[in-house]
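Each chain, letter by letter, is given below.
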Amino acid sequence: MKRVFNFSPGPAALPKEVIQQAADEMTNWRDSGLSVMEMSHRGKEFTEILETTKNDLRALLAVPDNYKILLMQGGAIAENAIVPMNLVGKKSQPATIDFVNTGHWSAKTIHEAHKYAKVNVAASSEDKNFTYVPARDTWKLTPDAAYVHICTNETIGGVEFDYTPDVGNVPLVADMSSNILSREIDISKYAVVYAGAQKNIGPAGLTIVIAREDMLGHALPICPSAFDWKEVADHDSMFNTPPTYPIYIAGLVFANLRRLGGVAAMEKINIEKSTLMYNYLDSTDFYKNSVSIANRSRMNVPFVLHDASLDAKFLAEAAQNDLVQLKGHSSVGGMRASIYNAMPLEGVQKLVAFMKDFEKKYG
Ligand SMILES: *Cc1c(COP(=O)(O)O)cnc(C)c1O
């Protein structure tokens, strides 16, 4: 079998052992005679898969008892509408939402929110081309905001929060699509955390929402019932048919993570992998990463070559070395190495060795 190291930003690499287990079980899950894809979501087999998956996630993130874990559809982009539809109803209308704009994904979230509320951009790093996270003491928050929204890791810009902001009694909501389960977090500091699955969890199609119980039950009348967190929670994520196969794969990923030592063990490896990348990038003028050191993402490492006319060669020669999907997002150009949990240290070592060779050849 061809072995490559896959640096895709998403849908991203899954642990090899998970893909193998899924392949082994695909036609006959644990002697049920059924593929998970063919199971009734209300049957006892799938109910067991769903419960185990949720319990493992709860254990991995130490989710407190007063939080619901919802397994939904629509991705993080749908949550850009679903979050305000569920939360602005707590306030008299029109409510205000505070946002911190750290790049592409927070900008998208802000854009969508205009349909549902007044928008206040409390802080932005646009002045330096979204290369840092604004310090908490610079934020201009609205005292009675419905909530404060942040994106803890900007997948395209490669900018990651290095702290959890204190916003007092206002609920803190975070899009953690691209760094959930990569580092230890204190869920109790957030009112709502959400993430599309396809970066660090499983296949596209599953969206995880972790919501404190007092965030449920305030949906606007226009909110579709299938996206009303209270409805979803009351039906144990089965108000509508959930994305059963992605849930099953996510469950395999969670079980695998627990075997490997959980989030703390992952964080250690992620620090090692990202340090290797950034130390090398800083040691040469051939490549460059422009993100402020404290906010460099451990998950997504964007970089440019000093001479952009070498980009195509870089990608072609990387692929010949089995290092694939390194092309940067079209909005920023250059390269991006996404090194989520499923990327082994060996893959990053191989990438850095390749980059050194490439520099020698063309530098
Ligand atoms: C990938 C990503 C999204 C978009 O997710 P969809 O599944 O396409 O809705 C949103 N936010 C962040 C931080 C992402 O990384």
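Residues numbered from 1 in each chain as written. Predicted model: local features only at pLDDT ≥ 70, side-chain atom pairs only at ≥ 80, totals over all residues. Heavy atoms only, no water.

A.B. asks: Describe empty space enclosed by the protein, naming the residues involved and giving the relevant values.
C.D. replies: All chains considered together, the criterion is met by 2 cavities of 30 Å³ or more. What lines the largest cavity is simply Leu 71, Met 72, Gln 73, Ala 226, Phe 227, Val 232, Ser 237, Asn 240, Thr 241, Pro 242 and Pro 243. Looking at the lining of the largest cavity residue by residue, the classes come out as 7 nonpolar, 4 polar and no charged. Considered as a void within the structure, the second largest cavity measures approximately 30 Å³ in volume. Glu 79, Asn 80, Val 83, Pro 84, Phe 99, Thr 109, Ala 113, Tyr 147, His 149 and Tyr 194 are the residues that line the second largest cavity. Among the secondary structure elements, those contributing two or more residues to the lining of the second largest cavity are α3 (75-87), α4 (104-113) and β5 (147-151). The element contributing the most residues to the lining of the second largest cavity is α3, with 4 residues. (1 Å grid on protein atoms, 1.4 Å probe; cavity = no way out; pocket = protein on both sides within 12 Å on 5 of 7 lines; lining within 4 Å. Points joined across faces, edges and corners; volume = space filled by probe spheres on them. Nonpolar A, V, L, I, M, F, W, Y, C, P; charged D, E, K, R; others polar. Helix = DSSP H or I, 4+ residues; strand = E, 2+ residues; numbered from the N terminus.)

A.B. asks: Hey, could you go over the site of the ligand for me, with residue numbers and the actual values?
C.D. replies: The local shell around the ligand consists of Gly 75, Ala 76, Ile 77, Trp 105, Cys 151, Asn 153, Thr 155, Asp 175, Ser 177, Ser 178, Gln 198 and Lys 199. Note that an oxygen atom of the ligand is positioned 2.8 Å from one of the side-chain N or O atoms of Gln 198. When the ligand sits alone it has 390 Å² of accessible area, and the protein chains cover 86% of it. Considering each element in turn, the shell around the ligand owes the most residues, 3 residues, to α3. Of the residues contributing to the shell around the ligand, the split by class is 4 nonpolar, 6 polar and 2 charged. (Near = heavy atom within 4 Å. Polar contact = N/O pair within 3.5 Å; in protein donor to acceptor, adjacent residues only side chain to side chain. Areas by Shrake-Rupley, 256 points an atom, 1.4 Å probe, with all protein chains shown as cover.)

A.B. asks: Can you tell me about the sheet that holds strand β12 (residues 300-305), naming the residues and giving the values?
C.D. replies: Spatial strand order, β11-β12-β14: 3 strands in an open sheet with antiparallel pairing. The sheet terminates laterally at β11 (287-288) and β14 (335-338), the two strands that pair on one side only. (Pairing = 2+ DSSP bridges.)

A.B. asks: An account of the packing of helix α1 (residues 16-25) against helix α6 (residues 244-259) is requested, with residue identities and associated values reported.
C.D. replies: Packing of α1 against α6 brings their axes to within 10 Å, and their N-to-C directions diverge by 130°. With respect to α6, the axis of α1 lies oblique. Judged by the twist between their axes, the crossing of α1 over α6 is right-handed. Contact residues: α1 offers Glu 17, Val 18, Gln 21, Ala 22 and Glu 25, while α6 offers Tyr 245, Tyr 248, Ile 249, Leu 252, Val 253, Asn 256 and Arg 259. Grouping the constituent residues of the contact of α1 with α6 by class yields 7 nonpolar, 2 polar and 3 charged. (Axes fitted to C-alpha atoms, helices over the stretch in contact; angles between N-to-C directions. Parallel < 35°, antiparallel > 145°, perpendicular 65-115°, else oblique. Left-handed = near helix turned anticlockwise from the far one by under 90°. Contact = heavy atoms within 4.5 Å.)

A.B. asks: Which residues make up the sheet that holds strand β2 (residues 67-72), and what values go with them?
C.D. replies: The strand order across the open sheet built from 7 strands is β2-β10-β9-β8-β5-β3-β4, with neighbouring strands paired in mixed fashion. The outermost strands of the open sheet, each flanked by one partner alone, are β2 and β4 (118-124). Adjacent strand axes in the sheet meet at a mean angle of 20°, parallel and antiparallel pairs treated alike. Inspection of the sheet shows β5 paired to strand β8 (residues 172-175) by 4 bridges, in the parallel sense. Considered in β8, the bridge of Cys 151 is made with Asp 175. Of the strands in this sheet, β2 and β10 (207-212) touch helix α2 (residues 44-60), which is tilted by about 130° from β2. Across the sheet, α4 touches β3 (96-101), β4, β5 and β9 (192-196), and the angle it forms with β3 is around 160°.

By themselves, these figures tell us nothing about what the structure is for.
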